[in-house]
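Examining the three-dimensional arrangement
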Amino acid sequence: MVKFITAADAVKFFRSRQTVMVGGFLNCGNPQAVIEELLKTELKDFILIANDTSVPDDSRGKLVVAHKIKKAIVSHIGTNPETVRQYNAGEIEIDLQPQGSLAERIRAAGAGLGGILTPVGLDTSVAENKPIITVESKQYLLETPLKADVAIIYATYADKFGNLAFHGSTKNFNVLMPMAADLVIVEAENISDTPLSPDNIVVPGIFVDYLIVKEKNGTE
Amino acid sequence: MELNKEQAQEIIAKRVAKEFNDGDVVTLGIGLPTKAISYVPEDVHIIVQSENGVLGVGAYQDDTNRDKHIINAGGIGVTVNAGGCFVDSLTAFAMMRGGHIDITVLGALQVDAEGNLANWSIPGKFTPGMGGAMDLVVGTKRLIIAMEHTAKGAPKIMQKCTLPLTVAHKVNMIITEKAVFEIINQRLILREISPYSSLEDIRQNTAADFEIDLTA
């Protein structure tokens, strides 16, 4: 059953050097509150799994600026000049992944699969050191599952069962990461007292551990 | 005739727009490829897909319809056309990788005579990452490269790409302000010469051998 917690209290779940997934795509569908609290701590050397490192003054982008990320497994860093600077200076390790492969690797971990077979990256540097497997005379790369210790997720709507729904283009990685982390913390813009319609739920509450609330005894 | 950057991009965007057929599902790279939307004829209706999970991308948002939760893959606020929908990243990439996109238009750092594309890294200088480009190019039915013919005077159409590849042997067409090339079975064929260029100009600014067939 999902529990309620403040962002400040949620920090207790984190340890330095953990692997942390953060939902969002550039400036859209990004969790903020837990990251703001992490910035106040001495915790560091996280391995970040996300679509991108956003921009310097937003969400996971701030974790990079604060030198809290040791390694980032992402598809794109170009929108955060500080990531690029740290990368060029050898201060951060960057593991660039094709975006669709990144998404499917996360899903594989969440869905209990041993990996995925994809043609993406064949004949490129992405294929280095990866097994190539032939199925029905076509070649595929074997990409392994990606899981995390903690996922920090954005949702537009949540109910008290932890069920999540989304507005606009905020679904992105927020829909898949909750399946692939040991502990899932969700920042929802609206937490409703009445259950969300089962027809509209995108992420089932069983994938969610904690919903962030503003006050210790409040609901939002 | 010397074109400035803006003029060159307009010529390219207008030419790209002619490649779209009514009903096509299209994905456009950020920057120049996206400009092609402005020149799609009124009787041609395309469905624009954006890798961040929007199908049916419409006009840019203005002050009357701000919604920070609806962006395109470049992070710009957009609207959604009637019939459009929002999907997660898995579904967006299933559309791309799974062969459900008719035409993809991307920019390039380099493209070569064999249809190889390099557009995500200049080692040691500039590596923003591949984002969704590698997935897109693998699954699309047609891949068009829309780019300025040269970068600071240096050719971008090569005999063989020297930069890290995005994909091998997938490019179908190259549209620049000087020329239109098709690549068929790893043969580079000049199809059109822009009114603002000449065969001599194209030869001077192209670092690859090409056949000439302007009849198609």
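The notes below deal with the structure included here. Computed from a prediction, not measured in an experiment: that's the story for all the values here. (Residues numbered from 1 in each chain as written. Chains lettered and ligands numbered in written order. Predicted model: local features only at pLDDT ≥ 70, side-chain atom pairs only at ≥ 80, totals over all residues.)

1. As for the overall build of chain B
We count it as follows: Numbering of helices and strands runs from the N terminus, with a helix taken as a DSSP run of H or I at least four residues long and a strand as a DSSP run of E at least two residues long. Partly exposed residues are those whose C-beta has more than 12 but fewer than 20 other C-beta atoms within 10 Å; with 20 or more the residue is buried, with 12 or fewer it is exposed, and the C-beta atoms are placed from the backbone. Two residues qualify as a contact pair if the distance between their C-beta atoms, derived from the backbone, is within 7 Å.
Scanning chain B from N- to C-terminus turns up five helices and 15 strands. Its C-alpha atoms give chain B principal-axis dimensions of about 50 × 35 × 30 Å. Counting only residues that meet the buried cut, chain B has 46% of its 216 residues in that class. Partitioning the intrachain contacts of chain B with sequence separation of at least 6 by distance along the chain shows that 62% fall at a separation of at least 24.

2. Considerations on the environment of Asp58 of chain A
Considering the arrangement of structural elements, one finds Asp58 of chain A in the loop between β3 (46-49) and α3 (60-65). Under the C-beta neighbour-count criterion, Asp58 of chain A is labelled partly exposed, with 18 such atoms within 10 Å.

3. What about the pairing of strand β13 (residues 179-184) of chain B?
Residues and elements named next belong to chain B. Put simply, the test is: Strand pairing is defined by DSSP finding a minimum of two bridges between the two strands.
Burial analysis of β13 places five of its six residues in the buried class, which makes it a mostly covered element. Relative to β13, strand β12 (residues 173-175) runs antiparallel, the two sharing three bridges. If you follow Ile175 over to β13, its bridge partner there is Val180. Two elements, β13 and strand β14 (residues 187-193), share six bridges in a ladder whose sense is antiparallel. Within the sheet, the bridge partner assigned to Ile183 lies in β14 and is Leu188. Here β13 hands over to β14 after two residues, with Asn185 in that stretch at a positive phi of 50°.

4. Topic: the sheet that holds strand β6 (residues 110-112) of chain B
Residue and element names in this part refer to chain B. In spatial order, the strands read β7-β6-β11; together these three strands make up an open sheet with mixed pairing. Taken across any chain shown, the strands that pair with only one partner, and hence form the sheet edges, are β7 (117-118) and β11 (157-158). Where β6 lies against β11, two bridges are found, and the strand directions are parallel. Residue Val111 lies in a different strand from β11, and its bridge partner there is Ile157.

5. Regarding the interface of chain B and chain A
Applicable threshold: Amino acid classes used here: Ala, Val, Leu, Ile, Met, Phe, Trp, Tyr, Cys and Pro are nonpolar; Asp, Glu, Lys and Arg are charged; the rest, including Gly, are polar.
Facing 29 residues of chain B, the contacting portion of chain A comprises 35 residues. If you list the elements that add at least two residues to the side of chain B that touches chain A, you get α3 (89-97) and α4 (133-139) of chain B. No other element matches the five residues that α3 of chain B contributes to the side of chain B that touches chain A. For the side of chain B that touches chain A, the residue count by class is 15 nonpolar, nine polar and five charged.

6. Examining unusual backbone geometry
All names here are of chain A. At Leu26, a position not held by glycine, the phi torsion is positive, near 50°. Tracing the sequence through the fold places Leu26 in the loop between β2 (19-22) and α2 (33-39). Here Leu26 falls in the buried class, since 26 other C-beta atoms lie within 10 Å of it. Notably, Ser54 is not glycine yet its phi reads approximately 50°, a positive angle. Looking at the secondary structure, you find Ser54 in the loop between β3 and α3.

7. Some remarks on the sheet that holds strand β1 (residues 25-28) of chain B
Residues and elements named next belong to chain B. If you trace the ten strands from one edge of the open sheet to the other, you get β4-β3-β2-β1-β5-β8-β12-β13-β14-β15, paired in mixed fashion. Each having just a single partner strand, β4 (78-86) and β15 (211-212) make up the two edges of the open sheet. Bridging between β14 and β15 involves two bridges; their strand directions are parallel. Bridge pairing in β15 places Ile189 opposite Glu211.

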